[in-house]
Number of protein chains: 4
Amino acid sequence: MIDVGIIGGSGYTGAELIRLLSGHPEAEIKVVTSRRFEGKKVSEVHTHLKSITGLVYEGVETSKVAEVSDIVFTAVPHGTTSEYVPELIESGVSVVDLSADYRLKPEEYERVYSRKADKRDAVYGLCELHPEVFEAKLVANPGCYPTGAVLAVAPLVDNGTIESIVFDSKSGITGSGADPTATSHYPTLAENIIPYKMTTHRHKAEIVQELGRLGNARISFTPHVIPAMRGILTTAHVFVKENLTSVEIESIYQDFYEDKPFIRLGAIPTLHSVRGSNFCDIGFEVEEDSDRIVVVSTIDNLIKGASGQAIQNMNLLFGLDERTGLFNAGLSP
Amino acid sequence: MIDVGIIGGSGYTGAELIRLLSGHPEAEIKVVTSRRFEGKKVSEVHTHLKSITGLVYEGVETSKVAEVSDIVFTAVPHGTTSEYVPELIESGVSVVDLSADYRLKPEEYERVYSRKADKRDAVYGLCELHPEVFEAKLVANPGCYPTGAVLAVAPLVDNGTIESIVFDSKSGITGSGADPTATSHYPTLAENIIPYKMTTHRHKAEIVQELGRLGNARISFTPHVIPAMRGILTTAHVFVKENLTSVEIESIYQDFYEDKPFIRLGAIPTLHSVRGSNFCDIGFEVEEDSDRIVVVSTIDNLIKGASGQAIQNMNLLFGLDERTGLFNAGLSP
Amino acid sequence: MIDVGIIGGSGYTGAELIRLLSGHPEAEIKVVTSRRFEGKKVSEVHTHLKSITGLVYEGVETSKVAEVSDIVFTAVPHGTTSEYVPELIESGVSVVDLSADYRLKPEEYERVYSRKADKRDAVYGLCELHPEVFEAKLVANPGCYPTGAVLAVAPLVDNGTIESIVFDSKSGITGSGADPTATSHYPTLAENIIPYKMTTHRHKAEIVQELGRLGNARISFTPHVIPAMRGILTTAHVFVKENLTSVEIESIYQDFYEDKPFIRLGAIPTLHSVRGSNFCDIGFEVEEDSDRIVVVSTIDNLIKGASGQAIQNMNLLFGLDERTGLFNAGLSP
Amino acid sequence: MIDVGIIGGSGYTGAELIRLLSGHPEAEIKVVTSRRFEGKKVSEVHTHLKSITGLVYEGVETSKVAEVSDIVFTAVPHGTTSEYVPELIESGVSVVDLSADYRLKPEEYERVYSRKADKRDAVYGLCELHPEVFEAKLVANPGCYPTGAVLAVAPLVDNGTIESIVFDSKSGITGSGADPTATSHYPTLAENIIPYKMTTHRHKAEIVQELGRLGNARISFTPHVIPAMRGILTTAHVFVKENLTSVEIESIYQDFYEDKPFIRLGAIPTLHSVRGSNFCDIGFEVEEDSDRIVVVSTIDNLIKGASGQAIQNMNLLFGLDERTGLFNAGLSP
């Protein structure tokens, strides 16, 4: 049994970690912390977890968390991990950090986030592309947009045939967290779609870094919020150097994602096929008489885009089948 | 031309007053105040009003507002009207107050709202039941729930045949205002329905007062918020002393609402027939072998339930046809 | 291992049976039929089930289904079960029928559905009230509205203190099935709420029958469709003969639902606490100076209101813990 | 007074024509036809129009429509206009056709729609780009996607600096009409976003034709349906040959759209600023250190994208100010 600690367990990703780990046959949550809800039952804050977990939010120190845990998930805002991660790592526990703090190369992190990087080594936990996760001590769990975007086109970039890609991404609003904001206000978002940070979203740096490891391609990225709770659909407008047939592309994807149980290739997916699951569904269409291929990927931003992927990383870190506790169908409709 | 002032014009009801008055042939807004947005263009805060109004929010004193206005709409939170209404009335301008402060008899107000009442005389501005609005100086614009509930059953209560009524009301979230809250958070409200203040909502006192003027009936009231921006649908479960046929009921309603242009009788309505309009649609069904009649009414909570009704009151106060500037179809779908 | 057959497995309840049984440790689906999709993979019709099930819809005869199954779920429209159920029962397999055909006493069925009843004995499968399910051969799986309504008030009716109840129910649209209709058209339902069959819904007969077994109470029932995919929230306006305190009511509910793992008592629930789960959440509020108690229950209409409850019945029929394969948290938000 | 006929008035665009013309001071609807609803009141089919119009759907012949009309709006499916338009034109009435049949050059129409073109001369009624509308007899009212896409980038294409454009468009579901379909089924669309005809949508031909009149640019176009009733948001990823500053771009747009009352330039718009209005809102952001500009436009697909623009064309045809009867704010929220 893997003993798990969760630091910052009151938000949406924390609640998903608790929900998913409650059904995990090889892991047990030993402690979950929250400053805001210290002393409250998890199931009072997240009522769907009633009868499922008897956990109570604690306000304990990092050292105490380290003591009772084999692995700790840190689900705190970027820039605040330095309060926890170094001490945890030094205590010898494994860490999967769900913030952005360890995802980029230090110099790139400092440029993009305008704050000092902790230069500790971490593995970028997009498991399908980073088999070396299994031997990491610190895993940087990927951002939600990069997960959908990178998985959508990695086989083609790796194949060396891409000239440029325009990622036009559409996300459910849970990506911005559990606290009410002007954008998450129902009368603002319902019956609407809201482009934001159209040329400046920080997740672009992750996409560029990860695709850059595979090949060259010019990357553009623009996100939107749609009236949905969960899910990211990424429309990748891919421009190729030389034309590929549908059959060739299919074979490129199948080879690349062989033995990757959470990648499902097929018809153009929508959010409904993945909501509530750890799957990433991918489909594509080749434009006739054109150098454009449109690739669409969908994920559940809170699962494959956050907590599910974090647990997938934990599975790999501890030598388990990556599917353990995660290989369930989503909820549709 | 009627010169209009609006105090507290930055919220949803303020924006609706501005939108509706922009198309009113006999009224002109002279001043609109907002402490929060002083100096900002109305159309920067409410972007749908761009090119429609050049008004700028002002932070001026009540006396200045009174000076340039024939009528003032006060759209401020209940309990804060005492800063404005007495001075306005004393300056001789007419006032339509959209808060709850003048809707109830003073002693009832003090019981329900636990604060001191201003004992000034006001007319309850549910125009269909209060023809005396035309000679008022101060109109208390009705609450959104009471507008839908009272109009739904007034003819039957007036007819003397009702034993008891259970009002089960469902409202869009704009009823709770433009500021984000835990309930208005999209991930909370989407795909949900939320009962609240199930036995304690203050609007019950208005319903009891207004129906009590017409006859005796035992009143129960429970509100819910639904995933919709606008609209209130009220399901009135009416229990009668002696059975009435559909034909009799239809005739009771037609007589009662003769010459009331904003009441439309017919099939069971939904929010879509009234959204964006000042209409109140009413339909009913008589249960076979039972003393129950189910009456359903729908209104747009921001129009007939707030700003539209306020303008309807203004029309009557100034001797205009009550339809002036208001008699347009809603937006559907 | 329990061998399972599903007749009529292409709709929403069929898909939920397949999804839930895929994760059930003691059951295995041997055959699933669909006339419309014969020969198609289940995962082509319900794409969220890709990689989860390799089943293919078959068009085989009832006798063949009976041959390979210990239990058969019939998920076909009411009035068509006679094609399947009698033959299945005679073959000696257990049947859980998800239609309305065996829920009512035959004479009542004939009155309400205007068609001939099959007079075969069946147990009404609301497990919390019918412990005798364990020895049934034919279980009539309850309707979605009755499940929410009956569970909400059964303890109070059983207690003998109720005078009358007005059930005002609000359902997600999946209750009306997977085929597009005028009501399920997005522009009709979004931003709306639609009352229907306000005094004539057939589910009332089930509610009356089941509560009538426990005590006397006058029942009214009116359903509405809300803009939500899943879930039923039932607002029960309960009028009592003599007043009860909150403490007394709590104790009545706790006693009645002791050892019922899928009933969760507590704060007023919403759809979000149960969506995706087999739980029924119940909360109440006592009106001051009044004989009214408002009880609210929520269920997922496709799970506790259909397929989950069907599996709960299967568990009981086969001597398993009723939680087997079902005791997971829902998906929220 | 302009006498108006509407052929095919029962769908969403028909209902919007009726709603908007009911408030038009210089036009009067003389006849509206519908085969399906012949003999029914318009307000029975579109209940929000009750008390607003007393019109009854008629099944009369084209010649009768021509007789009583100065102008006829044909709102029938593409490919069926030949039943009406030639006869109307020959009768001497003006026609605004809302189908696709006259939008493209005949040879292009035949290629794209695989049917014979009526080679009659028509003006493409995107008024902001086609001032010659005022002297047309037959106006081809633009498609909804092309309206949003072309208006978004016309000034830049006209300026000669564009290399290529990727249009990623997101539309409300009313664009696909009033009849329920698998895609418009609420459980399919809610909490979802659905890409479709990603490389093959016929509206691309209109976009290419209209932008081609202004300059050279490589065009890609991919549409999506979002969970919204109304509105199209177009994200135009524009790649330029040489960089432009924000100030330069602003000035290019302001010059191009000077005196175009329905174009509003400013901050990045959303659907909420235009829903219910005839405005097209446009905003942009220049990516730093890049040749990409992201331009966003929003329209109400049923108004500026269909019926409102049709009336704007009528206004111009009859020498009225193009704003007549159309210059109102939308409904927000």
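Residues numbered from 1 in each chain as written. Chains lettered and ligands numbered in written order. Predicted model: local features only at pLDDT ≥ 70, side-chain atom pairs only at ≥ 80, totals over all residues.

Observations regarding the overall build of chain A
Of the regular secondary structure elements, chain A holds ten helices and 13 strands. Rg of the C-alpha trace for chain A: 19 Å, near the compact-globule value of 20 Å for 333 residues, within the 12% margin. Summarising its shape, the C-alpha atoms of chain A cover approximately 65 × 45 × 40 Å along the three principal directions. Counting the 333 residues in chain A, one finds 62% classified as buried. Restricting the contact set of chain A to residue pairs at least 6 apart, pairs at least 24 apart contribute 70%. (Helix = DSSP H or I, 4+ residues; strand = E, 2+ residues; numbered from the N terminus. Rg over C-alpha atoms; globule rule 2.2 N^0.38 Å. Buried ≥ 20, exposed ≤ 12 C-beta atoms within 10 Å, placed from the backbone. Contact = placed C-beta atoms within 7 Å.)

Here we look at the domain arrangement of chain A
All names here are of chain A. Considered domain by domain, chain A is made up of domain 1 (2–142 + 304–317) and domain 2 (144–300). Put simply, the middle of domain 1 and the middle of domain 2, counted by C-alpha atoms, are 25 Å apart. Facing the 20 residues of domain 1 at the interface are 25 residues of domain 2. Of all the elements in the fold, those that place two or more residues in the side of domain 1 that touches domain 2 are α5 (106–113) and α10 (303–317). At six residues, α10 tops the list of elements feeding residues into the side of domain 1 that touches domain 2. (Domains from an automatic or database assignment.)

Looking at the environment of Glu-191 of chain A
One can find Glu-191 of chain A in the loop between α7 (186–189) and β8 (194–195). On the basis of neighbour counts, which here come to 24 C-beta atoms within 10 Å, the residue Glu-191 of chain A falls in the buried class. Spatially, the C-alpha atoms of Glu-191 of chain A and Ile-226 of chain A are 8.6 Å apart, while their sequence positions differ by 35 residues. In this structure Glu-191 of chain A touches Pro-227 of chain A, Glu-191 of chain C together with Ala-228, Met-229 and Leu-271 of chain D, once residues within four positions along its chain are discounted.

Some remarks on unusual backbone geometry
Cis geometry is adopted by the peptide bond preceding Pro-333 of chain B, which originates at Ser-332 of chain B and carries an omega value of 0 degrees. Despite not being glycine, Glu-191 of chain C has its phi angle at roughly 55 degrees, a positive value. A positive phi angle, near 40 degrees, is found at Lys-197 of chain C, a position not held by glycine. As for its position among the elements, Lys-197 of chain C is in the loop between β8 (194–195) and α8 (203–212).

With respect to the relation of the copies chain A and chain C
The transformation that overlays chain A on chain C combines an axial shift of 0.0 Å with a rotation of 180 degrees, and the residual RMSD is 0.0 Å. This pairing of chains is accounted for by a two-fold axis. Residue Leu-331 of chain A of chain A places its C-alpha closer to the rotation axis than any other residue of that unit, at 4.0 Å. Both copies share a contact surface, since 100% of the interface residues of chain A are interface residues in chain C too. (Least-squares fit on C-alpha atoms with pLDDT ≥ 70 in both.)

Re the pairing of strand β3 (residues 71–74) of chain A
Residue and element names in this part refer to chain A. Residues of β3 alternate between two faces, with Ile-71 and Phe-73 on one and Val-72 and Thr-74 on the opposite face, all of them buried. In terms of strand pairing, β3 meets strand β4 (residues 94–97) through four bridges, oriented parallel. Across the sheet, the residue bridging to Val-72 is Val-95, located in β4. Assessed by its sense of winding, the connection that carries the chain from β3 through helix α4 (residues 85–90) to β4 is right-handed. (Pairing = 2+ DSSP bridges. Right-handed = clockwise from strand over helix to strand, strands pointing away.)

Topic: the interface of chain A and chain C
Taken together, the contact between chain A and chain C spans 26 residues of the former and 26 residues of the latter. In terms of residue class, the side of chain A that touches chain C is built from seven nonpolar, 15 polar and four charged. (Nonpolar A, V, L, I, M, F, W, Y, C, P; charged D, E, K, R; others polar.)

What about the relation of the copies chain D and chain A?
After a rotation of 180 degrees and a shift along the axis of 0.0 Å, chain D superposes on chain A with an RMSD of 0.0 Å. In this assembly, 100% of the residues forming the interface of chain D have copies in chain A that are likewise at the interface, indicating an isologous arrangement.

Regarding the packing of helix α6 (residues 144–159) of chain A against helix α9 (residues 246–256) of chain A
Residue and element names in this part refer to chain A. At a closest axis distance of 9 Å, the pairing of α6 and α9 adopts a crossing angle of 105 degrees. As judged from the angle between their axes, α6 and α9 are roughly perpendicular. Residues Ala-154, Pro-155, Leu-156, Asp-158 and Asn-159 of α6 form the contact with α9, whose participating residues are Ile-252, Tyr-253 and Phe-256. (Axes fitted to C-alpha atoms, helices over the stretch in contact; angles between N-to-C directions. Parallel < 35°, antiparallel > 145°, perpendicular 65-115°, else oblique.)

Notes on the packing of helix α6 (residues 144–159) of chain B against helix α10 (residues 303–317) of chain B
All names here are of chain B. Packing of α6 against α10 brings their axes to within 8 Å, and their N-to-C directions diverge by 100 degrees. Compared by their axis directions, α6 and α10 come out roughly perpendicular. Counting all contacts with α6, which are made through Cys-144, Thr-147 and Gly-148, the residues of α10 involved are Lys-304, Gly-305, Ala-306 and Gln-309. A breakdown of the residues in the contact of α6 with α10 according to their chemical character gives two nonpolar, four polar and one charged.

A closer look at the sheet that holds strand β9 (residues 218–225) of chain D
Residues and elements named next belong to chain D. Strand order in this open sheet of seven strands is β8-β9-β7-β10-β13-β12-β11, and the pairing throughout is mixed. Across the chains shown, the open sheet's two edge strands, defined by having one partner strand only, are β8 (194–195) and β11 (263–265). Relative to strand β13 (residues 292–299), strand β12 (residues 280–286) is paired through six bridges, and the arrangement is antiparallel. Bridged to Gly-283 within β13 is Val-296. Contacting β7 (162–171), β9, β10 (232–240), β11, β12 and β13, helix α6 (residues 144–159) runs over the sheet at an angle of about 30 degrees to β10.

Some words on the interface of chain D and chain A
Listed as interface residues are 31 residues of chain D and, on the opposing side, 31 residues of chain A. Considering only residue class, the side of chain D that touches chain A consists of 16 nonpolar, nine polar and six charged.

Some thoughts on the sheet that holds strand β1 (residues 2–7) of chain B
Residues and elements named next belong to chain B. On the basis of which strands lie adjacent, the open sheet formed by six strands has the order β2-β1-β3-β4-β6-β5 and parallel pairing. What marks the edges here is a single partner per strand, and that holds for β2 (27–33) and β5 (123–124). Sheet topology places β5 next to strand β6 (residues 138–140); two bridges connect them, and they run parallel. If you follow Val-123 over to β6, its bridge partner there is Val-139. Against the sheet, helix α1 (residues 12–22) engages β1, β2 and β3 (71–74), with an angle of about 155 degrees to β2.

Things to note about the environment of Phe-239 of chain D
All names here are of chain D. Among the secondary structure elements, Phe-239 is positioned in strand β10. Residue class for Phe-239 comes out buried when judged on the 20 C-beta atoms lying within 10 Å of it. Considering only alpha carbons, one finds Phe-239 and Ala-217, 22 residues apart in sequence, at a separation of 9.2 Å. Residue contacts for Phe-239: discarding those within four places in its chain leaves Glu-163, Ser-164, Asp-291 and Arg-292.

Points about the pairing of β7 of chain D
Residues and elements named next belong to chain D. Most of β7 is tucked away, with eight of its ten residues classed as buried. With nine bridges connecting them, β7 and β10 associate as antiparallel partners. Bridged to Val-166 within β10 is His-237.

Some points on the environment of His-78 of chain D
Residues and elements named next belong to chain D. Here His-78 shows up in the loop between β3 (71–74) and α4 (85–90). By the C-beta count within 10 Å, which is 17 here, His-78 ends up partly exposed. Linking His-78 and Asp-97, residues 19 residues apart in sequence, is a C-alpha distance of 9.5 Å. With sequence-adjacent residues up to four places away left out, His-78 is seen in contact with Ser-99, Ala-100, Asp-101 and Tyr-113.

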